[in-house]
Amino acid sequence: MRHIGWIAGAAATVLVAAGAITYAVADGGRSGTSGAGVPTAGSADAGFARDMAVHHQQAVEMSYIVRDRTKDVEVRRLAYDIAQTQANQRGMLLGWLDLWDLPKVSPDAPMTWMGMGDMASGKDGSLMPGMATDIEMKRLGTLNGKQAEVFFLQLMTDHHKGGIHMAEGCVAKCTVGVEKRLAQGMVDAQQSEIKMMADMLKERGAKARD
């Protein structure tokens, strides 16, 4: 069941990424100019693209850190899958901002587009819900073996929960079709991975953080 669970989760994530890329290519880059027109800098579409690009970047960094701290095949495969998927999605998000001729940074606080600009303090690097602090990232880089695996799975579970919350916000508020579909794909894939990581933590005698 352990391997079946991983394969199902990884397959779902890969399919989501492939589907999102297919949509973007099929639209020929026109999704940002159809329907409601090109998003504005203060829109949910632009805000989600900017914030999720930052959120994804930390997940990529976290995944590469743990790949160097453990020899466990299952954890290394999960980390690689997350890193590749989220790096690809980050590229699409930043590409849309370029396509829309919008800035990749904003003077507004993260998640302002969700009406939650005051939710995260940004203290010690945790800019948005679910993001690890700088101290936690440094700690991950000092652990090895089972300790690294457990801490990574706990951090990534928190990270996914925060990412799902943001992606659900885009599904509700974004107007660009391809971006809404990508956001829904993130929700589905990361919910699946959270369940898988819960099983992986249980196998290691641990559980997600409260």
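This one's a predicted model, so the numbers in the text were calculated from it and none came from an experiment.

**A few points about the packing of helix H3 (residues 73-99) against helix H5 (residues 145-173)**
In the contact formed by H3 and H5, the axes pass within 11 Å of each other and the chain directions differ by 35°. Regarding H3 and H5, the two cross each other, and that crossing is left-handed. Each of Val75, Leu78, Ala79, Ile82 and Gln86 in H3 lies in contact with H5, whose residues at this interface are Glu149, Phe152, Leu153, Met156 and His160. By residue class, the composition of the contact of H3 with H5 is 7 nonpolar, 2 polar and 1 charged.

**Quick look at unusual backbone geometry**
Even without a glycine there, the phi angle at Asp101 is positive, about 60°. Considering the arrangement of structural elements, one finds Asp101 in the loop between H3 and helix H4 (134-140). A relative accessible area of 68% means that Asp101 is categorised as exposed. Backbone geometry at Met111 places phi at a positive 70°, although glycine is not the residue there. Locating Met111 in the fold gives a position in the loop between H3 and H4.

**Here's the deal with the packing of aromatic side chains**
Considering all chains together, one arrives at 2 aromatic pairs under this definition. For the ring pair Phe48 and Trp113, a centre distance of 5.8 Å and an interplane angle of 75° mean the geometry is edge-to-face. One end of the pair, Phe48, is in helix H2 (residues 44-67); the other, Trp113, is in the loop between H3 and H4, with 65 residues separating them in the sequence. Trp113 shares its class with Phe48; the two are buried. Ring centres of Trp96 and Trp100 lie 6.5 Å apart, and the angle between their planes is 20°; this geometry places the pair in the stacked category. We note that Trp96, like Trp100, is buried. Sitting over the ring of Phe151, Arg139 keeps its end group 4.2 Å from the ring centre.

**With respect to the layout of surface pockets**
Reported here for the largest pocket is a volume of approximately 330 Å³. Around the largest pocket sit 21 residues that line it, and Arg50, Asp51, Val105, Ser106 and Asp108 are the ones nearest its centre. Put simply, the parts of the chain that give the lining of the largest pocket at least two residues each are H2 and H3. Looking at the lining of the largest pocket, the element that brings in the most residues is H2, giving 5 residues. The residue makeup of the lining of the largest pocket, split by class, is 11 nonpolar, 5 polar and 5 charged.

**A closer look at the pattern of salt bridges**
A side chain with one charge may pair with a side chain of the opposite charge, provided their charged atoms come close. Scanning all chains against the criterion turns up 6 salt bridges. Among the ionic pairs, Asp98 bridges to Lys104, the shortest N-O distance being 2.4 Å. By sharing partners, the salt bridges in this structure join Asp72, Glu149, Glu203 and Arg204 into a single network.

What counts, and where the lines are drawn
- Residues numbered from 1 in each chain as written.
- Predicted model: local features only at pLDDT ≥ 70, side-chain atom pairs only at ≥ 80, totals over all residues.
- Heavy atoms only, no water.
- Axes fitted to C-alpha atoms, helices over the stretch in contact; angles between N-to-C directions.
- Helix = DSSP H or I, 4+ residues; strand = E, 2+ residues; numbered from the N terminus.
- Left-handed = near helix turned anticlockwise from the far one by under 90°.
- Contact = heavy atoms within 4.5 Å.
- Nonpolar A, V, L, I, M, F, W, Y, C, P; charged D, E, K, R; others polar.
- Buried < 20%, exposed > 50% of the residue type's maximum accessible area, 1.4 Å probe, protein only.
- Phe/Tyr/Trp six-rings, centres within 6.5 Å; stacked < 30°, edge-to-face > 60°.
- Lys NZ or Arg CZ within 6 Å of the ring centre and 35° of its normal.
- 1 Å grid on protein atoms, 1.4 Å probe; cavity = no way out; pocket = protein on both sides within 12 Å on 5 of 7 lines; lining within 4 Å.
- Points joined across faces, edges and corners; volume = space filled by probe spheres on them.
- Salt bridge = Lys/Arg side-chain N within 4 Å of Asp/Glu carboxyl O.

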